[in-house]
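Understanding the architecture of this molecule
Each chain, letter by letter, is given below.
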Amino acid sequence: MLALDRVSKTYPNGVHALARFSAEIRQGEIVAIIGGSGCGKSTLLRAIAGLDRASSGTVTLDSEAIASPHAKIGIIFQEPRLLPWLSVADNIGFGLADLPATERREKVARALERVGLADKAQAWPRELSGGQAQRVAIARALVPQPEVLLLDEPFSALDAFTRRDLQDHLLDLWADTRPTLVLVTHDVDEAVVLADRVLVMRPRPGRLFDQIEINLGRPRDRNSPLFENFKRSVLTSLDRSLDRSVPDRDATQGPGQAMWW
Amino acid sequence: MISDAPVLQQSSEPAEAAAKPSRLSRYARPMLGILLPLILALGWELVVWSGWSNGRLVPPPSRVFATIAELARSGELLRHIAATLWRVGLGFAFGVVAGTLLGAISGYWSLARRLLDPTVQALRAIPSLAWVPLFILWLGIFETSKIALIAVGVFFPVYLGVMGAILSVDRKIVEVGRIFRLSGPAMIRRILLPAVLPAYVVSLRVGLGLGWMFVVAAELIGASEGLGYLLLDGQQLGKPAQILAAIVIFAILGKLTDWLIEVGSAPLLRWQDAFGRAKET
């Protein structure tokens, strides 16, 4: 279990990014964190990843405190962040340097197969499309088999079709080993497609505002009325978190355009 | 989306057609560069040959090559080339080692940068030739002062290149290293070194260019052998053909050594070379 206990973060410049955020995330659960800009969702993710230390409060994974990057926690960023001097295969194997070469090659080959890029094994990262590069980043993060995978707006730089593809693909990959997924997003559609539970954050300072359980089986039909219902309740909660009036939202924005920045 | 497709196809056809002649011009293009000097050389050769000019101060190419051939036959040329190459090689080596070490320290460690960099920058502001009298006083007129001067010339671009490259390594990529919990040495070996390499190669090439510049200065000051000596000797004895011969050989050696760095580093920079190729066409 991933436990966040009153995690706060104040940056040296005085910005109060995160205030006493507490949540418990079960092993294998998919949690989406959503909120307006400046609500500290990326700060929270970086604290879980051990990249930045929280000013106070604790992050624990199976009662082990996380203060620096941990072998059981992987992360996928908004950009693929592939190393341009390594081939696609070597990028995927980057976190497996401790394994013997044959075992590493085997795992990389399997991962390449799994993300559908077996023919790109020897390509350089710059030869990939945005979607392919993000697939490689997903494979790189998953191949050491983390217990927790963090995703920081992983598909926001991709076009709508590729984004949908990768969301489905991510769920498919998740089913292999069922790691815990913590996904930061500002795309309501994405949150409802992927998550078991949506945490809505409220900005300045960032804190937990609301939780919405998405009780939908998988695979989820993005066009079903039930799906729309969940989307509406997340949107309503977001609106309330930003102290906005609710009704005009549905009038101005059609389905599928529910993007949040 | 659907209506876009035929438009795309149409526009790609002329592009493919245009790619064919450009493949032809890939071989023709270097030839184009040679054309102008070739015409000038041949023109001057004709002017002198036809007697319009005696070519005493500006000897025609044939006389310059004759001078090179003569120097080569007597073994003089090899001796001078060896002396100059030895000085450049040694000075370059010292300059590169010092520049790389100090540049890496300043780039990697911010306290060292604050301590070291202002001094280095102040020294850099001094025209390097201003050191000549001091180096001669300290190190004597012979080899040591020359090599020191060349090393100073090579040091600054390498130092700046290494430090700048380390400072500009993408934080986002360093974070990838942190996520995979690389140790300090592993972070240097697997992230920083490869990230810095392209800029490092550029700084080596700039440094080498300066090395060639300073070897001329050093050899003009006082030497009994070397290509710079050939220059000075040609001036004092009124032999412009010998001066031009030395210049031609400088050009060839400079280009050759630069090419060696380029070719030597190419396998390590394969990941980015298609970018350069794309820019060329």
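It should be emphasised that the depicted structure is a prediction, and the values quoted were computed from it without experimental measurement.

**What about the confidence of the model for chain A?**
The share of residues in chain A with pLDDT of 70 or more is 93%, and the mean pLDDT across the chain is 85. Here residues 248-258 of chain A is modelled with pLDDT under 50, and outside its nearest four sequence neighbours on either side it reaches 17 contacts, counting other chains as well.

**Some points on the sheet that holds strand S10 (residues 207-213) of chain A**
Residue and element names in this part refer to chain A. Spatial ordering of the open sheet is given by S6-S7-S8-S3-S9-S10, a layout of 6 strands whose pairing is mixed. In this open sheet, the two edge strands, each paired with only one partner strand, are strand S6 (73-76) and S10. Between one strand axis and the next, the sheet turns through 20 degrees on average, direction left out of account. Here strand S3 (residues 30-35) runs beside strand S8 (residues 180-185); their pairing, made up of 5 bridges, is parallel. Counterpart to isoleucine 34 in the pairing with S8 is threonine 185. Along the sheet, helix H1 (residues 41-49) makes contact with S3, S6, strand S7 (148-152), S8 and strand S9 (197-202), crossing S7 at roughly 150 degrees.

**What about the pairing of S6 of chain A?**
Within a regular beta strand, the side chains point alternately toward one face of the sheet and then the other, so they alternate between its two faces. Residues and elements named next belong to chain A. Where burial is concerned, the two faces of S6 agree: the one with Ile73 and Ile75 and the one with Gly74 and Ile76 are both buried. Relative to S7, S6 runs parallel, the two sharing 4 bridges. Counted as the bridge partner of glycine 74 is leucine 149 from S7.

**Description of the side chain of lysine 41 of chain A**
All names here are of chain A. Examined against the element boundaries, lysine 41 turns out to sit in helix H1. An unpaired buried charge is present at lysine 41: no salt bridge exists, and glutamate 153, the closest side chain of opposite charge, is 4.3 Å distant. At a separation of 3.2 Å, a polar atom in the side chain of lysine 41 contacts the main-chain carbonyl oxygen of glycine 35. Once residues lying within four places of it in the same chain are set aside, the contact partners of lysine 41 are Ile33, Ile34, Gly35, Gly36, Glu153, Val184, Thr185, His186 and Met201.

**Remarks on the domain arrangement of chain B**
All names here are of chain B. We note that the domain assignment places domain 1 (1-54) and domain 2 (61-280) within chain B. Counting residues at the interface gives 6 residues for domain 1 and 4 residues for domain 2. Buried area between domain 1 and domain 2, summed over both chains or domains, comes out near 330 Å², and the portion from carbon and sulfur atoms is 41%. Viewed at the interface, domain 2 and domain 1 are joined by 0 salt bridges. The tally of links between domain 1 and domain 2 comes to 2 residue pairs in polar contact (both at pLDDT 80 or more). Each residue belonging to the side of domain 1 that touches domain 2 can be placed in one class, and the counts come to 3 nonpolar, 1 polar and 2 charged.

**As for the interface of chain A and chain B**
Taken together, the contact between chain A and chain B spans 22 residues of the former and 19 residues of the latter. Taking both sides of the interface into account, the surface hidden between chain A and chain B amounts to around 2000 Å²; carbon and sulfur atoms contribute 67%. In terms of surface lost to chain B, no three residues of chain A exceed Arg81, Trp85 and Phe94 of chain A, which account for 34% of the buried area on that side. At the boundary of chain A with chain B, the tally comes to 3 salt bridges.

Cut-offs applied
Residues numbered from 1 in each chain as written. Chains lettered and ligands numbered in written order. Predicted model: local features only at pLDDT ≥ 70, side-chain atom pairs only at ≥ 80, totals over all residues. Heavy atoms only, no water. pLDDT = per-residue confidence, 0-100. Contact = heavy atoms within 4.5 Å. Pairing = 2+ DSSP bridges. Helix = DSSP H or I, 4+ residues; strand = E, 2+ residues; numbered from the N terminus. Axes fitted to C-alpha atoms, helices over the stretch in contact; angles between N-to-C directions. Buried < 20%, exposed > 50% of the residue type's maximum accessible area, 1.4 Å probe, protein only. Lys, Arg positive; Asp, Glu negative; His and termini not counted. Salt bridge = Lys/Arg side-chain N within 4 Å of Asp/Glu carboxyl O. Polar contact = N/O pair within 3.5 Å; in protein donor to acceptor, adjacent residues only side chain to side chain. Domains from an automatic or database assignment. Buried area = accessible area lost by both parts, 1.4 Å probe. Nonpolar A, V, L, I, M, F, W, Y, C, P; charged D, E, K, R; others polar.

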